[in-house]
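# Examining the three-dimensional arrangement
What follows is each chain in one-letter form.
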Amino acid sequence: MFKYLITINPLGFMYGSAGAFLSPENLVGRSGAKFPPEASTLSGLIFSISKMSKNFSQTELRENLYVTGPFWAKSDNKQNFYVPIPWHKIIAKKGIGEWKIENCEWQLEKDIEKPEADYRWQTITSWKDSPKSLKASSKSIADHPWKFVSFLHPKIQKSERCVEKSDGLFLENSVQIPDDICLVYLSTYPIDNGWYRFGGENHIVEISCDKINQKILDILTQPIGQTFALITPGIWGSNRISHRCPLHENFPETIQMLTDKPVPYRYRSQGTLGRGRYAVPPGSVYVLKEPLNKPWWEWDEVWFPKEGYSLKKVGCGLCLPVEIKGVA
């Protein structure tokens, strides 16, 4: 199981991850709309550090390194980090809503006119709380703490510290994170505290590493029954075709889902940029035909696509059990 909680504090602005899909938004400097960096970014950093420090061999890491994320936390309470709210819970400033199964279909119970969520994140210790309880405890829910800022990015000449005369400035969508907020990832291997270059743009960040406390481990090792929600992007299917759910013959049939449009997902494999994929977004809810009765950590790696290694190693589809009204 994951043993270490790794927190990342950017020293200044951060930018969009390298390798985002080409789109009209990206052409006008909005590549930073995909944030925070995926867990594979941290995995690559750990591999790079191990080559220099030799604390762990590359072979050992290939066999046993698992990372997952991204999450975030308040710097003074890192262990109680924030995870995406499951889609069946709708928490808005003016009310709440909750999806249930009735006559084999999704039905919405709500006390608001428009079921649009204002809060997208909740603390992991409040995972089992109802929408009403979450709404009453404002410290347990939050929206994205970072904001995007248009930023003129200079391209410096190689021989002088001067901006290039042609195309010397280009617009980029930078990300500003409050000083009291840090990004959070989980890992099976530690990393030495210090300053590192992190992400496709080689941002300077401060990284610290702590052991995950037992209370959080107990939450992460809850067995998945018939219903669960993703807290990281889910990539299913083969290494060429993406699906919305695992289709392996040993994985129970998915009979209901609550989800949103797929999100772009890219990762690095053996030092090169991996194939662009589409992922099921975090927060998506699954209802299975039969219960699994085992936590994500014990899921068979053949249920995950392989890109030279199982995508389970980068936390693909990490999930926690949820209770859906109408599901026995």
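Before going into details, it helps to say that this report is about the structure given with it. (Residues numbered from 1 in each chain as written. Predicted model: local features only at pLDDT ≥ 70, side-chain atom pairs only at ≥ 80, totals over all residues. Heavy atoms only, no water.)

### Examining the pattern of salt bridges
As a reminder of what qualifies: Put simply, a salt bridge is a Lys or Arg side-chain nitrogen that is within 4 Å of an Asp or Glu carboxyl oxygen. Each helix is a run of H or I in the DSSP string that is no shorter than four residues. Each strand is a run of E no shorter than two, and both are numbered from the N terminus. Residue exposure (1.4 Å probe, protein chains only): buried if accessible area is under 20% of the type maximum, exposed if over 50%, otherwise partly exposed.
On inspection of all chains with the given rule, the structure shows 6 salt bridges. A salt bridge links Lys289 to Glu253, with the shortest nitrogen-to-oxygen separation between them at 3.9 Å. Taken together, the residues Lys289 in the loop between β22 (285–288) and β23 (319–321) and Glu253 in the loop between β16 (242–243) and β17 (254–258) connect sequence positions 36 residues apart. In this structure Lys289 comes out as exposed when scored by relative accessible area, which is 51%. A cluster of three or more residues bridged by salt bridges with shared partners is formed by Glu98, Lys100, Glu102, Glu109 and Lys325.

### Notes on the sheet that holds β22
The condition is simple: Strands are labelled as partners when DSSP assigns at least two bridges between them. Axis angles are defined between N-to-C directions and span 0 to 180 degrees, where every axis is a line fitted to C-alpha atoms and, for a helix, only to the segment in contact.
One open sheet holds the 4 strands; their spatial order is β17-β22-β14-β23, and the pairing between them is antiparallel. One side of each edge strand has no neighbouring strand; the edge strands of this open sheet are β17 and β23. The mean angle between the axes of side-by-side strands here comes to 25°, regardless of whether they run parallel or antiparallel. Note that strand β14 (residues 227–230) and β23 share 3 bridges and pair antiparallel. The residue of β23 that forms the bridge with Ala229 is Leu320.

### Points about unusual backbone geometry
Here the bond from Gly69 into Pro70 is cis, since omega is 5°, no more than 30 degrees from zero. In this fold, Pro70 is placed in strand β2 (residues 67–74). The phi angle at Cys104 is positive, at roughly 65°, despite the residue not being glycine. With respect to the helices, strands and loops of the structure, Cys104 is situated in the loop between β5 (95–102) and β6 (105–110). Residue Cys104 is classed as exposed on the basis of its relative accessible area of 63%. The backbone of Asn293 shows a phi angle near 60°, a positive value even though the residue is not glycine. Considering the arrangement of structural elements, one finds Asn293 in the loop between β22 and β23. Judged by relative accessible area, Asn293 falls into the exposed class, the value being 56%.

### Here we look at helix α2 (residues 39–53)
Stated precisely, the cut-off is as follows: Here the expected length of a helix is defined as 1.5 Å per residue gap, with one fewer gap than residues.
Here α2 is 15 residues long and its end C-alpha atoms lie 21 Å apart, about the 21 Å a rise of 1.5 Å per residue gives. Listing the buried residues of α2 in full gives Ala39, Ser40, Leu42, Ser43, Leu45, Ile46, Phe47, Ile49 and Ser50. Once α2 ends, the next one or two residues include Lys54, with phi positive near 60°.

### Some words on the environment of Thr7
The following threshold applies: By the convention used here, residues are in contact when the closest approach between their heavy atoms is within 4.5 Å. For the purposes of these results, a polar contact is taken to be a pair of N or O atoms within 3.5 Å, where, inside protein, one atom must be able to donate a hydrogen and its partner to accept one; residues adjacent in sequence count only when each atom of the pair is a side-chain atom.
With respect to the helices and strands, Thr7 occurs in strand β1 (residues 4–10). For Thr7, a relative accessible area of 0% corresponds to the buried category. Through-space distance from the C-alpha of Thr7 to that of Val205 is 9.8 Å; in sequence the pair is 198 residues apart. With sequence-adjacent residues up to four places away left out, Thr7 is seen in contact with Lys78, Cys182, Leu183, Val184, Glu206, Ile207 and Ser208. Among the polar contacts listed, one links the side chain of Thr7 to the side chain of Ser208, at a separation of 2.5 Å.

### With respect to the packing of aromatic side chains
Rule in force here: Side-chain rings of Phe, Tyr and Trp (the six-membered ring for Trp) are treated as a pair once their centres are within 6.5 Å; stacked means planes under 30 degrees apart, edge-to-face means over 60, and tilted covers the remaining angles. Here, a charge over a ring is recorded when the distance from Lys NZ or Arg CZ to the ring centre is within 6 Å and its angle to the ring normal is within 35 degrees.
Overall, the coordinates contain 19 aromatic pairs when judged by the stated rule. With a centroid separation of 6.3 Å and an interplanar angle of 50°, the aromatic rings of Trp296 and Trp297 are classed as tilted. Here Trp299 and Trp303 contribute two aromatic rings whose centre-to-centre distance is 5.8 Å and whose plane-to-plane angle is 65°, an arrangement assigned as edge-to-face. Considered together, Trp299 and Trp303 belong to a single accessibility category, that of buried residues. Through a chain of ring-to-ring contacts, three or more aromatic side chains come together here, namely Phe2, Tyr66, Phe228, Trp236, Phe251, Tyr286, Trp296, Trp297, Trp299, Trp303 and Phe304. Above the face of the Trp296 ring, Lys312 is positioned so that its terminal group lies 5.3 Å from the ring centre.

### A word on the pairing of β14
Of the two faces of β14, the one holding Thr227 and Ala229 and the one holding Phe228 and Leu230 are both buried throughout. Inspection of the sheet shows β14 paired to β22 by 3 bridges, in the antiparallel sense. The partner of Thr227 across the bridge, within β22, is Val287.

By themselves these figures say nothing about function.
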